[in-house]
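What follows is the residue order along each chain.
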Amino acid sequence: MSIDPNIFQIIANGKPVRIFLPLLDRQERARAQCICRDIHPPKFSLIFKSGVLPLDDLDTRQPCIISIDMGGPTISLEAMIQEISNPQTLQMILQKSISHEQMREFFRIDAVTRVISSSFHTQFVNQDSEPWAIQGETMDLSGSGILAIFPNPPPTEKQVQLEITIPSNEPETVKVIAHQVRMQQQKDGRYEVAYHFDDISDEDRDKIIGCCLVLQRKLLRLKVQILES
């Protein structure tokens, strides 16, 4: 990941963006909507609605992740808070721009949680086939897909529905439409299956990415503790 000097040329002043804000003494991050303005690369401002910023809890030592929907590919940035200029404005400085592929790898984290793969039936798709569902566990999790283990091989249909339990302090389930990328039988007889998300809401993707950030931070803290010991 590196800084793209031209990244701000395609971001309009006043562009709405989503941000993941690091919090003091807490694993989770706060998600918020804001406006990107006053762009003078690598510096820019983020404007929030009144009362949205958790001012007393912001951890300015940790980077923020900013997601920008460009009507096709999503651009993601890593930036530091330079100054809290008023209760609604953060002054930022860009650290890294993250491509789609880098984003996928950056937010791919080892995570064991429940997943159910089931048939995806609509008025036009698979309406004549029998419904099925298989419960398994994820091996890793990302904003664009999962790697999971199942006791039996899930049918290789064009699209399936996944119900994923997000391993957060207050677990919740998200539902996505996905397709199978690959499947491989393991020595213990179980099946390792990779899925790529085809249809997922922005809100659910944010929940998964936010969870991955929390897990990533835990792993980094564990690494530091091991090195210090």
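Here the structure is a predicted model, which is why all the values come from computation and not from measurement.

1. A closer look at the overall build of the chain
In terms of regular secondary structure, the chain is built from two helices and 13 strands. Taken over 229 residues, the chain has a buried fraction of 44%. Here the contacts in the chain between residues at least 6 apart in sequence split such that 57% fall between residues at least 24 apart. Just so you have it, the chain exposes about 12,600 Å², and 48% of that area is on carbon and sulfur atoms.

2. Topic: the pattern of salt bridges
For the coordinates displayed, the defined rule picks out seven salt bridges. Members of the salt-bridge network, linked through shared partners, are Arg 18, Asp 202 and Asp 206.

3. Section: the side chain of Ser 117
Among the secondary structure elements, Ser 117 is positioned in strand E8 (residues 114-119). Exposure remark for Ser 117: the relative accessible area of 0% places this residue in the buried category. Reaching out from Ser 117, the side chain makes a polar contact with the side chain of Tyr 195 at a distance of 3.0 Å. Ignoring any residue separated from it by four or fewer positions in sequence, one finds Ser 117 in contact with Trp 132, Ala 133, Ile 134, Phe 150, Pro 154, Val 160, Gln 161, Leu 162 and Tyr 195.

4. Observations concerning unusual backbone geometry
Excluding glycine, residues mostly have negative phi values, and the peptide bonds linking residues are mostly trans. Each neighbour pair has its own omega, and for Pro 41 with Pro 42 the value is 5°, a cis peptide bond. Checked against the element boundaries, Pro 42 lands in the loop between strand E2 (30-40) and strand E3 (43-47). Its identity as a non-glycine residue notwithstanding, Asp 38 has a phi of 50°, on the positive side. In this fold, Asp 38 is placed in strand E2. Judged by its relative accessible area of 40%, Asp 38 falls in the partly exposed class.

5. Thoughts on the packing of aromatic side chains
The relative placement of two aromatic rings is captured by the distance of their centres and the angle of their planes. If you walk through the whole model with that rule in mind, you get one aromatic pair. Ring geometry for Phe 150 versus Tyr 195: centroids 6.4 Å apart, planes at 90°, classification edge-to-face. With Phe 150 in strand E10 (residues 145-150) and Tyr 195 in strand E13 (residues 191-199), the pair connects residues that are 45 residues apart, well separated along the chain. Residue classification places Tyr 195 among the buried positions, given a relative accessible area of 3%.

6. Details of the environment of Gly 136
Inspection of the secondary structure assignment puts Gly 136 in strand E9 (residues 133-141). Since its relative accessible area comes to 8%, Gly 136 is described here as buried. For the pair Gly 136 and Arg 114, spaced 22 residues apart in the sequence, the C-alpha separation amounts to 6.0 Å. Those residues within four positions of Gly 136 in sequence are excluded, and the remaining contacts are Thr 113, Arg 114, Val 115, Ile 149 and Phe 150.

7. Regarding the state of the cysteines
Under the counting rule described, the total for this entry stands at zero disulfides. The thiol sulfur of Cys 34 is not disulfide-bonded, and the nearest other cysteine sulfur, from Cys 36, lies at 7.7 Å.

8. Quick notes on the environment of Asn 169
Mapped onto the elements, Asn 169 comes out in the loop between strand E11 (160-166) and strand E12 (172-185). Sequence separation of Asn 169 and Gln 27 is 142 residues, and the distance between their C-alpha atoms is 9.5 Å.

Scoring rules and cut-offs
- Residues numbered from 1 in each chain as written.
- Predicted model: local features only at pLDDT ≥ 70, side-chain atom pairs only at ≥ 80, totals over all residues.
- Heavy atoms only, no water.
- Helix = DSSP H or I, 4+ residues; strand = E, 2+ residues; numbered from the N terminus.
- Buried < 20%, exposed > 50% of the residue type's maximum accessible area, 1.4 Å probe, protein only.
- Contact = heavy atoms within 4.5 Å.
- Areas by Shrake-Rupley, 256 points an atom, 1.4 Å probe, with all protein chains shown as cover.
- Salt bridge = Lys/Arg side-chain N within 4 Å of Asp/Glu carboxyl O.
- Polar contact = N/O pair within 3.5 Å; in protein donor to acceptor, adjacent residues only side chain to side chain.
- Phe/Tyr/Trp six-rings, centres within 6.5 Å; stacked < 30°, edge-to-face > 60°.
- Disulfide = S-S within 2.5 Å.

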